[in-house]
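# Structure assessment
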Amino acid sequence: MLNHCFLCRNEDLKEMLESSKESLKLEAMKRIVGLIAKGKNASELFPAVVKNVASKNIELKKLVYVYLVRYAEEQQDLALLSISTFQRALKDPNQLIRASALRVLSSIRVPIIVPIMMLSIKEASTDLSPYVRKTAAHAIQKLYSLDPDQKEHLIEVIEKLLKDKSTLVAGSVVMAFEEVCPDRIDLIHKNYRKLCNLLVDVEEWGQVVIIHMLTRYARTQFVSPWREDAVFDENSEKAFYDSEEERRVEQSKPYIMDPDHRLLLRNTKPLLQSRNTAVVMAVSQLYWHLAPTHELSIITKSLVRLLRSHREVQYIVLQNIATMSIQRKGMFEPFMKSFYVRSTDATHIKTLKLEILTNLANEANISTILREFQTYVKSQDKAFAAATIQAIGRCATNISEVTDTCLNGLVLLLSNRDETVVAESVVVIKKLLQTQPSQHSDIIKHMAKLFDNITVSMARASILWLMGEYCEHVPKIAPDVLRKMAKTFTSEEDIVKLQTVNLAAKLYLTNSKQTKLLTQYILNLGKYDQSYDIRDRTRFIRQLIVPNEKSGALSKYARRILMAPKPAPVLQSAFKDRDRFQLGTLSHSLNSQANGYLELSDWPAVAPDQSVRIVEVVEPAGAPVFGKSKPGKSDEKFYSDSEEEEEEEEEGSSSEDSSSSSSEANLRFVLTSFCVHVESESESESEENSDDSNKSSSSQSDSEKKKKTLKNKKLQQQKPDSKDRCSLLCLYVFLVCQFDTISWDVRVSLQASSPVFVPETSRELLHRMTGKGLSAQYRFTRQPCIYGNSMVSLQLTLSNSSDQALENIHISEKSSTGQNIHRFNAIERLEPQASVTVSMGVDFNDSTQAANFQLCTKEDEFSVSIQPAVGELLLPITMSEADFTKEQTILSLCSEIVVFPLN
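These numbers come from a predicted model, not from an experiment.

### Things to note about the sheet that holds strand β3 (residues 774-784)
Reading across the sheet, the five strands line up as β2-β3-β4-β8-β6 and stay open at both edges, with antiparallel pairing between neighbours. Edge strands, defined here as strands with exactly one partner in the open sheet, are β2 (763-766) and β6 (820-822). Averaged over all neighbouring strand pairs, the angle between strand axes comes to 35°, with direction disregarded. As paired elements, β6 and strand β8 (residues 835-843) share three bridges and run antiparallel to each other. The partner of Asn820 across the bridge, within β8, is Asp843.

Pasting the structure below:
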């Protein structure tokens, strides 16, 4: 009945899709997409839906593309018939249609259309819409999985998209990079700083991908920040033979963190406050693998905060904390109460919290933890209670002061009514007794008395093993236990039978008078047992302990084989070896290398060249020719006569009066000149072009005609090969230069005003612990800088919190990021507990990129960084209404030029 209704509904939808009314088609598509969202199969409607792929209704076309993305891979033959429509849609004015067409095209997994997909991806990667470029990055991964031979071509597209400045594209292209060419680290060099600065503004999914990629990148490009913690081993052979002078120089050389390394740590730190748990986990693993040891405490509170989330999130976070707590107990010890088990926690969450509490246990808090464990043992959750007993055993092994206390507590648990608790207690006691067997013969006797009441096979096998291993300590009890086992041998589990055979063999060697007949009886029972393991063990033991003519040389060493001392078992965390995997990965969670896992490389011994990450800003060719014509004239004016100066002043005043009209006329002239220049390539010679341009400029003054004629000739000299290769760069440079010349007269009339608000709070530049007593704070004064018009004025407060005077405090000669810095005069001496305020100027080059430099004393150098906000780079000005109108007119002209069609 349900199938009949579903078929009727499909028929109704097909009729609606074939209707001539757009409203019915749109309603049908909404219903179909709703069915897909509910998990229904709507593949039967593919032929009817694909007919509407060329619809002119944008809303309908969007829904059709959503459907096609879902079913294009299943209905490849029908989808191939519409490829021409998809290719036309790639030129659609609507960015959503272009992106959807590319998404559908990349979902058709047919090798024959690989060239079409490759061409479409290349075109989409240069699209004006960042959303389309983002879709192109997603399509790269699909094409690579379809045809890996396209790798080299796809790398070229990835390299182009990595240079994209849009935050919408960054995460997608990095994901494509990780899938296609994760080993091509050279593609990241020039984009490293950009990715670090864009990280805060990227969507959360992209942040996770970029952070994991930058973690791998940093491990290959920077020196280990943990070098100070790793003290040189004076007992090593290398240190012994090296000269004392070389060792002294190597040890005295301080570690200075690379500014780019610090940039990554600084820009990811704010993401610890993200609402997305994956982002917080990604930043935490980055700090764990890259940050200095003393900075790891930053991530602790963020990880503990995630424990309030869903149990799925808790499980992953607790796994990572369990790994961290093995190496860094001090990180989470202040938050120990956060890992106390709640009654509402699931079993796997309880077990992980128990693991972390065991890792955090030490002499100071062991009493608190053991009291908590006493409550957990009484839990109704049997698996959790058993895990608690194992945790008590680990605490007893790791902390010798509480070994006896834990052992006595476990012995008391042997009287528990719960068989699971008793069995686990026996197993743990057996492991603990192996460390001090001679001192605990009373415990062994007590366990032998409880043997009849214990029914769990593992616990019974553990008691039998203890009896056989330490039978010399309990010579009267062990034979009696063997006698009891001979009665119930046939009904026991295999693991109990094996330990019974072992006990019989050991007693035969140590007390053969009392146990010889019992041993032969048990061996005869085992000879005919149904389990081949028992039969094999019985034959082996018989030939080993009962010598005869056929027995070999092994029988002489039977005592040494069976009674050899066994090493005590090591009770350790199950997470001890998981640090070989990167935190937060699937491999770490599974404790097994998953497919596609990329290992973190070891720190390089010597840092690679950091200059590969410096991006040089290349000015457009031709800009100095137009933009610097006036300054050149002013140089000649310095040596001119007074009459010439007066004439130039008159010309300057007249140009100010006509600035608005000449500005607009100059820009419109540029537009007209470019039109004539493009049309002349296909219709006429360059002479006609120059005549048209002279006609268009006949209404201008003589001086303006000369300038414009000169510019037209320069444009004509840059003649393209064809109409399609028109010189867009020349037009751009020309317009920029014209904009500079026409806007100069307007801007010189603007006057700087005092800021409305100047913050008094300072920001930390150097902490006193990092600076070895020297601390520094800075603030933006928001006043014109006296050191240069392009510089931002800053005020530094230097303080000496140490008990010794600091000498020669200064800034190093170079900024590692290339900014121009006006340094303050060196401070010869700063007394203890004293402070001094100095001023400095920084040219940030109209960018929010941080200024990194070295703050130096006589003995040390410290890497510091100043990150400007956008508002600190702006100068407050007073503008009249007329001046505002002029600026607005210029901006409107620029927008007209941007949308001017080139073909």
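Structure's up, so let's keep going.
### Regarding the nonpolar core
Grouped together as the largest cluster of nonpolar side chains are 195 residues, with contacts concentrated most on Ile32, Tyr67, Leu68 and Phe373. By residue number, the principal contributor to this core is helix α18 (residues 277-290), which donates nine residues. If we ignore the near neighbours within four places in the chain, the residues touching Ile32 are Leu13, Leu17, Ala42, Leu45, Val49 and Tyr67. The next biggest cluster of nonpolar side chains, apart from the first, holds 27 residues, and it includes Leu765, Leu794, Val838 and Phe844.

### Comments concerning a negative patch on the surface
Taken together, Glu11, Asp12, Glu15 and Glu44 make up a surface patch of like negative charges. For Glu11, the location among the structural elements is in helix α1 (residues 2-17). Looking at Glu11, the relative accessible area reads 43%, which means it is partly exposed.

### A word on helix α30 (residues 494-510)
Taking 1.5 Å per residue as the helical rise, α30 with its 17 residues ought to reach 24 Å, and the 25 Å between its terminal C-alpha atoms agrees with that figure. With 12 of 17 residues buried, α30 is to be regarded as a mostly interior element. Those residues of α30 lying buried are Val496, Lys497, Gln499, Thr500, Val501, Asn502, Leu503, Ala504, Ala505, Lys506, Leu507 and Tyr508. The inward-facing, buried residues of α30 abut α28 (457-469), α29 (477-487), α31 (512-527), α32 (532-545) and α33 (558-562).

### What to know about the sheet that holds strand β10 (residues 861-866)
Note: strands within a sheet are paired through backbone hydrogen bonds, in either parallel or antiparallel orientation. If you trace the four strands from one edge of the open sheet to the other, you get β7-β5-β9-β10, paired in antiparallel fashion. Each of the sheet's edge strands pairs with one partner strand only, and the pair in question is β7 (827-830) and β10. Neighbour-to-neighbour, the strand axes of the sheet open up by a mean angle of 30°, direction not taken into account. Pairing of strand β5 (residues 806-811) with β7 involves three bridges; the strand directions are antiparallel. In the strand pairing of β7, Glu807 is matched with Arg829.

Rules behind the numbers
- Residues numbered from 1 in each chain as written.
- Predicted model: local features only at pLDDT ≥ 70, side-chain atom pairs only at ≥ 80, totals over all residues.
- Heavy atoms only, no water.
- Pairing = 2+ DSSP bridges.
- Helix = DSSP H or I, 4+ residues; strand = E, 2+ residues; numbered from the N terminus.
- Axes fitted to C-alpha atoms, helices over the stretch in contact; angles between N-to-C directions.
- Core = buried A, V, L, I, M, F, W, Y, C linked by side-chain atoms within 4.5 Å.
- Buried < 20%, exposed > 50% of the residue type's maximum accessible area, 1.4 Å probe, protein only.
- Contact = heavy atoms within 4.5 Å.
- Patch = residues over 30% accessible without salt bridge, like charges linked within 9 Å, V, L, I, M, F, W, Y side chains within 5 Å.
- Areas by Shrake-Rupley, 256 points an atom, 1.4 Å probe, with all protein chains shown as cover.
- Salt bridge = Lys/Arg side-chain N within 4 Å of Asp/Glu carboxyl O.
- Lys, Arg positive; Asp, Glu negative; His and termini not counted.
- Charge placed at Lys NZ, Arg CZ, Asp CG, Glu CD.
- Expected span 1.5 Å × (residues − 1).

Any functional reading would require information that these geometric values do not contain.
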